[in-house]
Every structure is written in structure tokens, then in C-alpha cells.
Amino acid sequence: MEIVEGIGIGVAVVLAALLILFIRRALFTRNGGIIRLSVRVSTILDGRGWSPGFARFVGDELRWYRMFSFALRPKRVLSRKVLAVERRRLPEGQEQLSMPTDWVILRCTSNHAPVEIAMARSTVTGFLSWLEAAPPGAVSPRLASQDWPAA
């Protein structure tokens, strides 16, 4: 009887964890504005260290949440005021195996610290529009280079 109780408790814990993940995702997606976004959290090995997740535009912030996490707070927050895109590139080497083929990698600086983010090619346009947005009459120096190679 103890084995059956143990299995039942294990199944209940797994179902509760899945329910929490689905509720968490539903809370974030109910207001829209969600994009799939991977962030490179480690640069120890070339082409590795990418963590999948989703991001949300909230005012002047891009809030990134890990996909497989129970946390309700974002893991990383990028502020439009201090974020600048240095360059963009296609996935290379091991990166091609860990992300979809139509994704683009953007190397950005935020508070003088580099950060690499990857997103779908169709999402890059919206991201860059959000990044360049400024009040009427203001000049937005967010993009460090306008002469990017075609991706």
C-alpha cells in the first residue's frame, strides 16, 4: 500500500507543477505583447549558454522570463533607455542546433554590459521599432550601427 501512496503523491506533485507552469504562462499572456526570446546566460563555451524564454514589453522595459521556471518575476529586465544594438548575426555552429532556423541573434549593450538575445526574424522589426521609439521631436540614439549585413 505504501508504494501506491508514493506513486500517487509523485503523480500529484508532477500534475501540480505542470498546473503552476500553465497558470503562470496564462497570467503573462492574457494582456498580449509576448514574444519568444532566448537570452545567452553563459559565454563559457562558444555557441552554448542559451536559455529559452519569453519576453514582454512593459513601457520602457523588456522583461524576460525563463520558459521553465516557477518564478513570477522576470529573470532579466532590459531598459530601453540604456539598451543599444551593436550588431546582428545569424546563428553559427552549435547555435544552429539549439534555435530555430529563422532566428537572428542581436548583440546589445545595456549599462555597458554586453547581452546577446535571439528572436525570430519577423520579431526583430518590432523589437527595433520599440527600441527606436522616442517622444516627438527627440532623437533616438539607440541603434549603434545602421549598416548591418542582411540577415
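Everything below is about the structure printed above this text.
First things first, this report covers the structure right here in the doc. The residue numbering used here restarts from 1 in each chain and proceeds along that chain's sequence as written. With pLDDT at 70 or above as the cut-off, local features in this predicted model cover only qualifying residues; side-chain atom pairs require 80 or more to be listed or tallied, and sums for whole chains, interfaces and linings still use all residues. Note that water and hydrogens are dropped before the side-chain values are worked out from all heavy atoms of the structure.

1. Thoughts on the pattern of salt bridges
Here's step 1: For this analysis, a salt bridge means a side-chain nitrogen from Lys or Arg found within 4 Å of a carboxyl oxygen belonging to Asp or Glu. Taken as a whole, this structure holds nine salt bridges when the rule is applied.
Here's step 2: A salt bridge links glutamate 92 to arginine 89, with the nearest nitrogen and oxygen atoms 3.8 Å apart.
Here's step 3: Residue classification places arginine 89 among the buried positions, given a relative accessible area of 11%.
Here's step 4: Ionic pairing is found between arginine 89 and glutamate 95, a salt bridge with its closest N-O pair at 2.8 Å. The classification of residues rests on relative accessible area computed with a 1.4 Å probe and restricted to protein chains. Under 20% of the type maximum is buried, over 50% is exposed, and intermediate values are partly exposed.

2. So, the nonpolar core
Here's step 1: Core analysis: the largest hydrophobic core is formed by 20 residues, its most contacted members being Leu37, Leu106, Ile117 and Phe127.
Here's step 2: Helix and strand assignments follow DSSP, with helices taken as H or I runs no shorter than four residues and strands as E runs no shorter than two, numbered in order from the N terminus. Put simply, the parts of the chain that give this core at least two residues each are β1 (34-40), β3 (61-66), β5 (83-89), β6 (103-110), β7 (113-120) and α3 (121-132).
Here's step 3: In contact with leucine 106, other than residues within four places in its own chain, are Val85, Arg87, Arg88, Val115, Glu116, Ile117, Met119 and Phe127. We define the nonpolar core as a collection of buried residues of types Ala, Val, Leu, Ile, Met, Phe, Trp, Tyr and Cys that are connected through side-chain atoms lying within 4.5 Å of one another. Contacts are assigned to residue pairs with any non-hydrogen atoms lying within 4.5 Å of each other.

3. Some remarks on the pairing of β7
Across a regular strand the side chains alternate sides, sitting on one face of the sheet and then on the other.
Here's step 1: Where burial is concerned, most of β7 is hidden: six out of the eight residues are buried.
Here's step 2: In this structure, β1 lies alongside β7, joined through two bridges in antiparallel fashion. Paired with serine 38 across the strands is alanine 118, a residue of β7.
Here's step 3: Pairing of β6 with β7, which is carried by eight bridges, proceeds in the antiparallel orientation. Within the sheet, the bridge partner assigned to valine 104 lies in β7 and is methionine 119.
Here's step 4: Count of turn residues in the β6/β7 antiparallel hairpin: two residues, of which asparagine 111 carries a positive phi of about 55°. Each pair of strands is called paired provided DSSP finds at least two bridges between the two strands.

4. Digging into the sheet that holds β6
Here's step 1: The strand order across the open sheet formed by seven strands is β4-β3-β2-β1-β7-β6-β5, and the pairing between neighbours is antiparallel. Lying at the two open borders of the sheet, with one neighbouring strand each, are β4 (76-79) and β5. Neighbour-to-neighbour, the strand axes of this sheet turn through a mean angle of 35°, independent of strand direction.
Here's step 2: Relative to β6, β5 is paired through six bridges, and the arrangement is antiparallel. Counterpart to arginine 88 in the pairing with β6 is leucine 106. Axis definition: a line fitted to C-alpha atoms, limited for helices to the stretch in contact. Angles are taken between N-to-C directions and run from 0 to 180 degrees.

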